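Secondary and tertiary structure notes
The residues making up each chain are set out below.
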Amino acid sequence: MLQSLRDQLHTFTPQSLPLEGRRHAAVALVVVEEGLGAEVDGLARPAQWSLEPAVLLTRRAARMKRHAGQWALPGGRVDAGETPEEAALRELREEVNLTLTPAHVVGRLDDYATRSGYVITPLVMWAGAAPGMQANPEEVASIHRIRLAEFARADAPILNRVPATNTTVLRMPMGRHWIAAPTAAFLYQLRELQAGRVTRVAHFDQPRFAWG
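Residues numbered from 1 in each chain as written. Predicted model: local features only at pLDDT ≥ 70, side-chain atom pairs only at ≥ 80, totals over all residues. Heavy atoms only, no water.

Structural notes on the overall build of the protein
Along the protein, the regular secondary structure elements total 3 helices and 11 strands. Its helices and strands in sequence order give the protein the pattern α-β-β-β-β-α-β-β-β-β-β-β-β-α, from N to C terminus. Taking contacts inside the protein between residues at least 6 apart in sequence as the whole, the part at least 24 apart equals 66%. (Helix = DSSP H or I, 4+ residues; strand = E, 2+ residues; numbered from the N terminus. Contact = heavy atoms within 4.5 Å.)

Put into structure tokens, the structure is as follows:
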């Protein structure tokens with residue numbers, strides 16, 4: 001799995017976006033070696049422990065001022081003097097108590113500009129079994145390992161045209177839930193890379209509730 005992921009990202013050229021007055025943020029798209037899929041309603045339960053690759057997702061804490069309760073990837077603002085890689089690694093450690101190093105970063109995906117005024121840089125990381133994770137209750141309500149196969153479902157992605165804005169909103173189904181862009185955009189692009197396809201995602205819009 002790790003070598004395949006490295007090979008896919010090695011041949012991929014990510015697209016960067018200028019800040020143009022927006023703030024810079026980074027997220028950690030962490031791939032782990034096990035995903036049981038039992039933590040989310042509607043996901044099939046494997047008959048036994050599995051080594052299928054999975055991605056780490058969090059539910060944001062209800063006390064958060066913005067995007068409370070939403071599905072997310074660990075991440076946050078890039079501080080002055082930081083690189084996106086350093087910011088993503090720091091946020092990963094602060095949010096879920098997972099300490100990785102730059103050697104765990106295997107590539108990056110396309111930048112995504114949010115309606116709330118951020119340009120987000122996604123860093124793809126490999127964390128193996130990723131033991132000992134613990135949610136920071138100030139930011140994270142729960143941590144989930146979701147098998148990557150879940151995002152290859154036939155009904156993914158969900159695309160909705162918005163005539164008023166002339167844009168297309170992207171969502172990714174997961175069990176009986178769905179995930180909104182920008183997180184959904186990163187998951188979709190990774191899914192496409194796994195299938196050998198280069199699919200750009202920066203043009204997809206967010207649902208209106210995620211604009212704030």
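Some words on the environment of Phe12
Along the chain, the position of Phe12 falls in the loop between helix 1 (2-10) and strand 1 (23-32). Its relative accessible area of 6% is what places Phe12 among the buried residues. Considered as a pair, Phe12 and Leu193 are 181 residues apart in the sequence and their alpha carbons are 8.3 Å apart. Beyond its immediate stretch of four places on either side in the chain, Phe12 contacts Arg108, Leu109, Asp110, Gln189, Leu193, Val198 and Arg200. (Buried < 20%, exposed > 50% of the residue type's maximum accessible area, 1.4 Å probe, protein only.)

Quick look at helix 3 (residues 183-194)
Over its 12 residues, helix 3 runs 17 Å from end to end, which matches the ideal 16 Å to within 8%, given 1.5 Å per residue. Among the 12 residues that make up helix 3, 11 are buried, leaving the element largely enclosed by the rest of the structure. Within helix 3 the residues assigned to the buried category are Thr183, Ala184, Ala185, Phe186, Leu187, Tyr188, Gln189, Leu190, Arg191, Glu192 and Leu193. Of the residues one or two after helix 3, Gly196 is the one with positive phi, at around 85°. (Expected span 1.5 Å × (residues − 1).)

Examining the nonpolar core
Ranked by internal contacts, the top residues of the largest apolar core, which has 36 residues, are Leu57, Leu109 and Phe151. Looking at this core, the elements that each hand over two or more residues are helix 1, strand 1, strand 2 (54-60), strand 7 (118-126), strand 10 (167-174) and helix 3. Considering each element in turn, this core owes the most residues, 7 residues, to helix 3. Here Leu57 is in contact with Trp71, Ala72, Leu73, Ser142, Ile143, His144, Ile146, Phe151, Met174, Ile179, Thr183 and Leu187, once residues within four sequence places are set aside. (Core = buried A, V, L, I, M, F, W, Y, C linked by side-chain atoms within 4.5 Å.)

Topic: the sheet that holds strand 11 (residues 177-180)
A sheet is described by the order of its strands in space; here 3 strands give the open sequence 9-10-11, paired in antiparallel fashion. Where the open sheet ends on each side, the last strands, each with one partner, are strand 9 (158-162) and strand 11. Across the sheet, the mean angle from the axis of one strand to that of its neighbour is 35°, orientation sign disregarded. Here 4 bridges tie strand 10 to strand 11, and the two strands are oriented antiparallel to one another. Bridging from a neighbouring strand, Arg171 pairs with Ala180 of strand 11. Where helix 3 meets the sheet, it contacts strand 10 and strand 11, and its direction lies at approximately 75° from that of strand 10. (Pairing = 2+ DSSP bridges. Axes fitted to C-alpha atoms, helices over the stretch in contact; angles between N-to-C directions.)

A closer look at the pattern of salt bridges
Under the defined criterion, the tally for this structure stands at 13 salt bridges. Where Arg153 meets Glu150, a salt bridge forms, and the shortest distance between an N and an O atom there is 2.6 Å. On the accessibility criterion, Arg153 (23% relative accessible area) is partly exposed. Under the relative-accessibility criterion, Glu150 is labelled buried at 11%. Three or more residues joined by partner-sharing salt bridges are found here, namely Asp79, Glu82, Arg90, Glu91 and Glu94. (Salt bridge = Lys/Arg side-chain N within 4 Å of Asp/Glu carboxyl O.)

Considering helix 1
Listed as buried for helix 1 are Leu5, Gln8 and Leu9. The buried residues of helix 1 occupy an angular sector of 90° when projected down its axis, which confines them to one face. When the buried face of helix 1 is taken as reference, the exposed residues oriented beyond 90 degrees from it are Gln3 and His10. (Arc of directions from axis to C-beta.)

Notes on the side chain of His144
On the secondary structure map, His144 appears in strand 8 (residues 140-147). Side-chain polar atoms of His144 contact the side chain of Ser142, separated by 2.7 Å. (Polar contact = N/O pair within 3.5 Å; in protein donor to acceptor, adjacent residues only side chain to side chain.)

Some thoughts on the packing of aromatic side chains
According to the stated counting rule, one finds 2 aromatic pairs in the structure shown. A ring pair is formed by Tyr112 and Phe186, whose centres lie 6.3 Å apart and whose planes are at 80°; its orientation type is edge-to-face. Of the two residues, Tyr112 is situated in strand 6 (residues 112-113) and Phe186 in helix 3; the sequence distance between them amounts to 74 residues. This pair shows no difference in class: Tyr112 is buried, exactly as Phe186 is. Centre to centre, the rings of Tyr188 and Phe204 are 6.3 Å apart; their planes meet at 65°, and the pair counts as edge-to-face. You can see Tyr188 sitting in helix 3 and its partner Phe204 sitting in the segment after helix 3, a full 16 residues away along the chain. Classification of Tyr188 by relative accessible area gives buried; the value is 10%. For Arg59, the ring lying beneath its charged end belongs to Trp71, and the centroid distance is 4.3 Å. Lying across the ring of Trp178, Arg171 places its NZ or CZ 4.4 Å from the centre. (Phe/Tyr/Trp six-rings, centres within 6.5 Å; stacked < 30°, edge-to-face > 60°. Lys NZ or Arg CZ within 6 Å of the ring centre and 35° of its normal.)

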